[in-house]
Amino acid sequence: MGQKTHPTGFRVGIIQQWASTWYAKVKEYGVFVAEDAKIRKFVKKKLYAAGVSKILIARKAQSVTVTVVTAKPGIVVGRGGQGIDELRQAVSKHISKPVIINVVEVARIDADAQLVAENIAQQLEKRIAFRRAMKQAMQRSMRSGIQGIKVMVSGRLGGAEIARSEWAKEGRIPLQTLRADVDYGFTEADTIMGKIGVKVWIFKGNLMPGEKADMNIKSKNEKSGNAPERGQRRSRRSNKAVETVEE
């Protein structure tokens, strides 16, 4: 059996950023780690339909800031921001601490390994053939501009009595190259015959020294829930008009 290394953990601190950013004393460290896991499990379960890619956690003093990176920010925010208020209250009650919720939209859904893995898992739960689901997901991802993708499914594939693993690959996936921006995602499909694990590796390209991996999220001006007001929109249009006249 080969010795496997988590692609994200292998690159944390080099090109990848930490999912949790905070400092704690020795006595508080274990409590904060357990609390982060509790938050991620709760938010992921509550917002599974929204296609949550990452949950980033930051701490300042007694407050906790949770950034939800999602493919469908409209579901999280809700009508008039009602959904995000309910989520903040639920998470705050769950950990007994004040919580700030930020919602950020995924820039390219087909270039996010976690979302691709969950999409394949949903197809497997609908009894679609695993090879077809893998092939379609890989084709969509390659069209989005990535350099390589690898998909592996494990379990009782096709209802077989003996569990096995099958994988497919397109492009290149340099797992041992530290400057290679490799995104990794894992999920499980709950089928009638049992659980089927889905793993996805996506290679987005090599990074130059000093560069950090692309978080695949839209800028703060583009994220849902913080749309500019009418006056701001008009001012932007007028600024563009001035620029064209000057040219």
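One can find the structure itself at the top, above this paragraph.
Strand S4 (residues 99-105) sits mainly inside the fold: five of its seven residues count as buried. Bridge count for strand S3 (residues 63-70) against S4 is seven bridges, and the pairing is parallel. Paired with Val-68 across the bridge in S4 is Val-103.

Applying the stated criterion across every chain, the model contains eleven salt bridges. Between Asp-85 and Arg-88 there is a salt bridge whose closest N-O contact spans 3.0 Å. Remark: Arg-88 and Asp-85 occur in helix H4 (residues 82-95); sequence separation between them is three residues, near one turn of the helix. Its salt-bridge partner being Lys-204, residue Asp-183 comes within 3.9 Å of it at the nearest N-O pair. Of the two residues, Asp-183 is situated in strand S7 (residues 180-191) and Lys-204 in strand S8 (residues 194-206); the sequence distance between them amounts to 21 residues. Taken as a pair, Asp-183 and Lys-204 share a single burial class, namely buried. Salt bridges sharing partners connect three or more residues here, namely Glu-35, Asp-36, Arg-59 and Lys-97.

All right, on to the sheet that holds S8 then. Taken in spatial order, the four strands of this open sheet run S6-S5-S8-S7, and their pairing is antiparallel. Both edges of this open sheet fall to strand S6 (164-171) and S7, since each of them pairs with a single strand only. Averaged over all pairs of adjacent strands, the angle between strand axes in this sheet comes to 10 degrees, irrespective of strand direction. Of the strand pairs in this sheet, strand S5 (residues 148-155) and S8 are connected by seven bridges, and their pairing is antiparallel. Within the sheet, the bridge partner assigned to Val-151 lies in S8 and is Val-200. Contacts from helix H5 (residues 113-125) reach S5, S7 and S8 within the one sheet, and its direction differs from that of S7 by about 25 degrees.

Along the chain, Lys-97 turns up in the loop between H4 and S4. At a separation of 3.3 Å, a polar atom in the side chain of Lys-97 contacts the side chain of Glu-35. Among residues more than four places away in sequence, those in contact with Lys-97 are Phe-32, Glu-35, Arg-59, Gln-62, Val-64 and Ser-92.

In this section: H4. Taking 1.5 Å of rise per residue, 14 residues should cover 20 Å, and H4 covers 20 Å from first to last C-alpha, within 8% of that figure. By the burial criterion, the buried members of H4 are Gly-83, Ile-84, Leu-87, Val-91 and Ile-95. Buried residues along H4 cover an arc of 90 degrees about the axis, so they all sit on one side. Exposed residues pointing more than 90 degrees away from the buried face of H4 are listed as Gln-89 and Lys-93. Looking one or two places after H4, you find Ser-96, whose phi comes out positive at around 60 degrees.

Definitions and cut-offs
- Residues numbered from 1 in each chain as written.
- Predicted model: local features only at pLDDT ≥ 70, side-chain atom pairs only at ≥ 80, totals over all residues.
- Heavy atoms only, no water.
- Buried < 20%, exposed > 50% of the residue type's maximum accessible area, 1.4 Å probe, protein only.
- Helix = DSSP H or I, 4+ residues; strand = E, 2+ residues; numbered from the N terminus.
- Pairing = 2+ DSSP bridges.
- Salt bridge = Lys/Arg side-chain N within 4 Å of Asp/Glu carboxyl O.
- Axes fitted to C-alpha atoms, helices over the stretch in contact; angles between N-to-C directions.
- Contact = heavy atoms within 4.5 Å.
- Polar contact = N/O pair within 3.5 Å; in protein donor to acceptor, adjacent residues only side chain to side chain.
- Expected span 1.5 Å × (residues − 1).
- Arc of directions from axis to C-beta.

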